[in-house]
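As a plain string of letters, each chain reads:
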Protein chains: 2
Amino acid sequence: MQISSRFTIAIHIFSCINTFRDEYKITSNFLAMSIQVNPVIIRKLLGQLKDAGLIEIKRGSGGASLAKKTREITLLDIFNAVESLDDGRLFHFHENPNPDCPIGKSIHPVLDSRLEQIQRAMEKEMQSITLEDIFKDIAKYTKKTLPLNQV
Amino acid sequence: MQISSRFTIAIHIFSCINTFRDEYKITSNFLAMSIQVNPVIIRKLLGQLKDAGLIEIKRGSGGASLAKKTREITLLDIFNAVESLDDGRLFHFHENPNPDCPIGKSIHPVLDSRLEQIQRAMEKEMQSITLEDIFKDIAKYTKKTLPLNQV
DNA sequence: GTTTATTGTAACATTTATTGTTACAACAGA
DNA sequence: TCTGTTGTAACAATAAATGTTACAATAAAC
């Protein structure tokens, strides 16, 4: 199965904060218009990003902002913040291999280190990409034009 | 979300075939006893592995066997055989970013290449590990002892 | 030819995660 | 006090993973 869209939505959120922070208050409604999902979905994600120390949110008055420099936030930070992997493991292992079978007994300890090896390769690549990199890429595609909502 | 257990179950299947092929007919029931899942689950997986050209299955008389050398089957081959990723993509992208927003318009083309970059890092690591490697690891944990079923 | 074990597959149930939605109390600033 | 916003509960809808029973098709053994 695919990794959930929370990851790409979270990156979208950061991109909006970075692009519009000087001109607009970044509320869940503002983000919902750009991402085109329900504002409550956004708020839950914002909560996860806040809990991970990546953004700050103002209650009441509203608005999200970056808690770190764009160079200091990696895609791995974002992935870990929004993707709740069971026990931190990317791969789901079948639960009950038969301990009375020589393979059933050994498959788990043997495979675990290999699965970790694969997961680490993915995480290392995620860690090598920062929001700064993403924002540079975006700058090639867009100039700051008129925002979409005038509310 | 985690990657489904079909992946680890498939590796378990290969391990059983390799270990018991000279002594036992590797049926879905035999495998189900070692893996401890329903035989129909096993049969569906065996079908996927057969379609990918990794194993051979005998109808009627029954039994699965390797279609290639253990050096020639990588974890990536197995992953691709049993994990049906939508459009081959590991990451699910939110469907409808707003094209009227500068970020909404650019997020998809910009992120796509980065997501591919991450996926490729994972696939490269999977490709570097063959069944031969796994079977060597297993050999350190187990000697061929009495099989579990006498049926 | 009959019997037997097995595969392939349909049909369905169960569980879990994702995603979407409405509603509203808590909050902070005007 | 009014207003807009966040945080969160409660629930619905969808989709995927996993489990189960049943049975026709198959191939070998007798």
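As a reminder, the structure under discussion sits directly above these lines.
These lines cover the structure that appears in this document, whether it is placed above or below. (Residues numbered from 1 in each chain as written. Chains lettered and ligands numbered in written order. Predicted model: local features only at pLDDT ≥ 70, side-chain atom pairs only at ≥ 80, totals over all residues. Heavy atoms only, no water.)

## Points about the protein's contact with DNA strand C
Here's step 1: Close contacts around DNA strand C come from 28 residues, with Ser5 and Gly60 of chain A together with Ser28, Arg43 and Arg59 of chain B the closest.
Here's step 2: Protein-proximal atoms of DNA strand C, defined as those within 4 Å of the protein, fall in sugar or phosphate at a share of 58%.
Here's step 3: Side-chain polar atom of Ser5 of chain A to a phosphate oxygen of DNA strand C: 2.8 Å apart, as the coordinates give it.
Here's step 4: A distance of 3.0 Å separates a base oxygen of DNA strand C from a polar atom in the side chain of Arg59 of chain B.
Here's step 5: The set of elements that each furnish at least two residues to the surface near DNA strand C consists of α3 (39–51) of chain A together with α3 (39–51) of chain B.
Here's step 6: In terms of residue class, the surface near DNA strand C is made up of six nonpolar, twelve polar and ten charged. (Near = heavy atom within 4 Å. Polar contact = N/O pair within 3.5 Å; in protein donor to acceptor, adjacent residues only side chain to side chain. Helix = DSSP H or I, 4+ residues; strand = E, 2+ residues; numbered from the N terminus. Nonpolar A, V, L, I, M, F, W, Y, C, P; charged D, E, K, R; others polar.)

## Examining the nonpolar core
Here's step 1: By size, the foremost hydrophobic cluster in this structure holds 96 residues, and its most contacted members are Ile13, Phe14 and Ile78 of chain A together with Ile13, Phe14 and Ile78 of chain B.
Here's step 2: For Phe14 of chain A, the residues in contact, after removing those within four places along its chain, are Leu49, Leu54, Ile55, Leu66, Ile73, Ile78, Leu131 and Phe135 of chain A. (Core = buried A, V, L, I, M, F, W, Y, C linked by side-chain atoms within 4.5 Å. Buried < 20%, exposed > 50% of the residue type's maximum accessible area, 1.4 Å probe, protein only. Contact = heavy atoms within 4.5 Å.)

## Considering the state of the cysteines
Here's step 1: Counted by the stated rule, this structure contains zero disulfides over all chains.
Here's step 2: Free of any disulfide, Cys16 of chain B has its nearest neighbouring cysteine sulfur in Cys101 of chain A, separated by 4.9 Å.
Here's step 3: For Cys16 of chain B, a relative accessible area of 0% corresponds to the buried category. (Disulfide = S-S within 2.5 Å.)

## A word on the relation of the copies chain A and chain B
To go from the first copy of the chain to the second, apply a rotation about an axis and then a shift along the same axis.
Here's step 1: For the pair chain A and chain B, the superposition axis carries a translation of 0.0 Å, the fit reaches an RMSD of 0.0 Å, and the rotation angle comes to 180°. The transformation relating the two chain copies, once decomposed into turn and shift, fits a two-fold axis. Within chain A, the C-alpha atom positioned nearest to the axis of rotation is that of Met122 of chain A, 2.5 Å from it.
Here's step 2: Interface overlap between copies: 100% of the residues of chain A at the interface are likewise at the interface in chain B, consistent with a symmetric, same-surface contact. (Least-squares fit on C-alpha atoms with pLDDT ≥ 70 in both.)

## A closer look at the side chain of Glu83 of chain B
Here's step 1: By the element assignment, Glu83 of chain B lies in the loop between α4 (75–82) and α5 (102–127).
Here's step 2: Residue Glu83 of chain B is classed as buried on the basis of its relative accessible area of 4%.
Here's step 3: Among the polar contacts listed, one links the side chain of Glu83 of chain B to the side chain of Ser4 of chain B, at a separation of 3.3 Å.
Here's step 4: Excluding its chain neighbours within four sequence positions, the residues that come into contact with Glu83 of chain B are Met1 of chain A together with Ile3, Ser4 and Arg6 of chain B.

## Comments concerning the packing of aromatic side chains
Here's step 1: On inspection of all chains with the given rule, the structure shows ten aromatic pairs over all chains.
Here's step 2: Taken together, the ring pairs in this structure connect Phe7 and Phe79 of chain A together with Phe91 of chain B into an aromatic cluster. (Phe/Tyr/Trp six-rings, centres within 6.5 Å; stacked < 30°, edge-to-face > 60°.)

## Some details on the protein's contact with DNA strand D
Here's step 1: If you check the shell around DNA strand D, you find 28 residues, and the closest are Ser28, Arg43 and Gly60 of chain A together with Ser5 and Gly60 of chain B.
Here's step 2: Sugar and phosphate atoms constitute 57% of the interface atoms of DNA strand D, taking the interface as everything within 4 Å of the protein.
Here's step 3: Separating a phosphate oxygen of DNA strand D from a side-chain N or O atom of Arg6 of chain B is a distance of 3.2 Å.
Here's step 4: If you list the elements that add at least two residues to the surface near DNA strand D, you get α3 of chain A together with α3 of chain B.
Here's step 5: Of the residues contributing to the surface near DNA strand D, the split by class is six nonpolar, twelve polar and ten charged.

## Comments concerning helix α6 (residues 131–141) of chain B
Here's step 1: Turning to α6 of chain B, its buried residues are Leu131, Ile134, Phe135, Asp137 and Ile138 of chain B. With its buried residues spanning 155° around the axis, α6 of chain B presents them on a single face. Facing away from the buried side of α6 of chain B by over 90 degrees, the exposed positions are Lys136, Ala139 and Lys140 of chain B.
Here's step 2: Next to the buried residues of α6 of chain B lie α5 (102–127) of chain A together with α1 (6–20) and α4 of chain B. (Arc of directions from axis to C-beta.)

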